[in-house]
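# Residue-level structure breakdown
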Amino acid sequence: MLTITQALVDRIVAHARKDHPDEACGVVAGPAGSDRPERFIPMLNAAMSPTFYEFDSGDLLKLYRELDDRDEDPVVIYHSHTATEAYPSRTDISYANEPGAHYVLVSTRDTDDLGDFQFRSFRIVDGEVTEEEVRVVDSY
Amino acid sequence: MAIEVRIPTILRTYTDGQKAVEGSGNTLAELFADLETRHAGIQARIVDEGKLRRFVNVYLNDEDVRFIDGIDTKLSDGDTVTILPAVAGGMR
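Structure report, in brief. (Residues numbered from 1 in each chain as written. Chains lettered and ligands numbered in written order. Predicted model: local features only at pLDDT ≥ 70, side-chain atom pairs only at ≥ 80, totals over all residues.)

We now examine the sheet that holds strand β7 (residues 80-85) of chain B. All names here are of chain B. If you trace the 5 strands from one edge of the open sheet to the other, you get β2-β1-β7-β5-β6, paired in mixed fashion. With partners counted over all chains shown, the strands left at the sheet margins are β2 (20-23) and β6 (63-64), one partner each. With 2 bridges joining them, strand β5 (residues 56-60) and β6 adopt antiparallel strand pairing. Within β6, the position partnered with Y59 by the bridge is D64. The strands that helix α1 (residues 28-38) touches are β1 (3-6), β2, β5 and β7; relative to β2, the one it contacts most, it runs at about 110°. (Pairing = 2+ DSSP bridges. Helix = DSSP H or I, 4+ residues; strand = E, 2+ residues; numbered from the N terminus. Contact = placed C-beta atoms within 7 Å. Axes fitted to C-alpha atoms, helices over the stretch in contact; angles between N-to-C directions.)

Shown next as structure tokens:
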């Protein structure tokens, strides 16, 4: 289960809305081992694409150095799908390399009347996808 | 010649959980071959058909080696090599 504050959910959704029709992506970091998302870090989608996202390689190095220095984990790794449901695609699964992270997917397809808005969370471990409950709280 | 290699979480199964290991080589290709002798299996996660895998980023000190010489990038004593899988995906 992912437990996350309403304020963080709002920021992830706002980022996805702002970048639509391109995919938005980012991380919510938290203290190592805590499984508690705290620090919102929107990332640039270097692919600038409606169908693909990739963190810029320079930004990725900076991000991981910073996480290491601050003793944090990437607790949530989020991205948006802009025309399809918020479920990990084959591409998402094959590039999922953080077995400890909650992979949050947001669908902004409602913008173009292609379906409902979705905010969902998954574990992706060794190519296996497991959807999990999202518990939204006011504070931890 | 000693090179520090920083290992991402996903590849620490090959390094007994260590976040960094030492290796040697005049180029990245030699370094990964050297790592393979002590951490069997790691090379194939980084290199495919003699090239760096598309969705694995390798940095020499602060620079993505794609902007240097890729797998032929030359190394010097005291360099740090960082391996980070890309964070990527998409709707298909």
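Bringing α1 of chain B into the picture now. Residues and elements named next belong to chain B. L28, L31, F32 and L35 are the residues of α1 that are buried. Summarising the axial view, the buried residues of α1 lie within an arc of 95°, below the 170-degree limit, and thus occupy one face. The inward-facing, buried residues of α1 abut β1, β2, α2 (42-46), β3 (47-48), β5 and β7. (Buried ≥ 20, exposed ≤ 12 C-beta atoms within 10 Å, placed from the backbone. Arc of directions from axis to C-beta.)

Further remarks concern the interface of chain A and chain B. On the side of chain B, 16 residues touch chain A, which itself brings 23 residues to the contact. Secondary structure elements with two or more residues in the side of chain A that touches chain B: β4 (52-54), α2 (57-69), β5 (72-81) and α3 (90-94) of chain A. Looking at the side of chain A that touches chain B element by element, the count peaks at 5 residues for α2 of chain A. In terms of residue class, the side of chain A that touches chain B is built from 9 nonpolar, 9 polar and 5 charged. In the sheet, β4 of chain A pairs with strand β8 (residues 88-90) of chain B via 3 bridges, with the strands oriented antiparallel. Looking at the pairing, Y53 of chain A lines up with G89 of chain B of β8 of chain B. (Nonpolar A, V, L, I, M, F, W, Y, C, P; charged D, E, K, R; others polar.)

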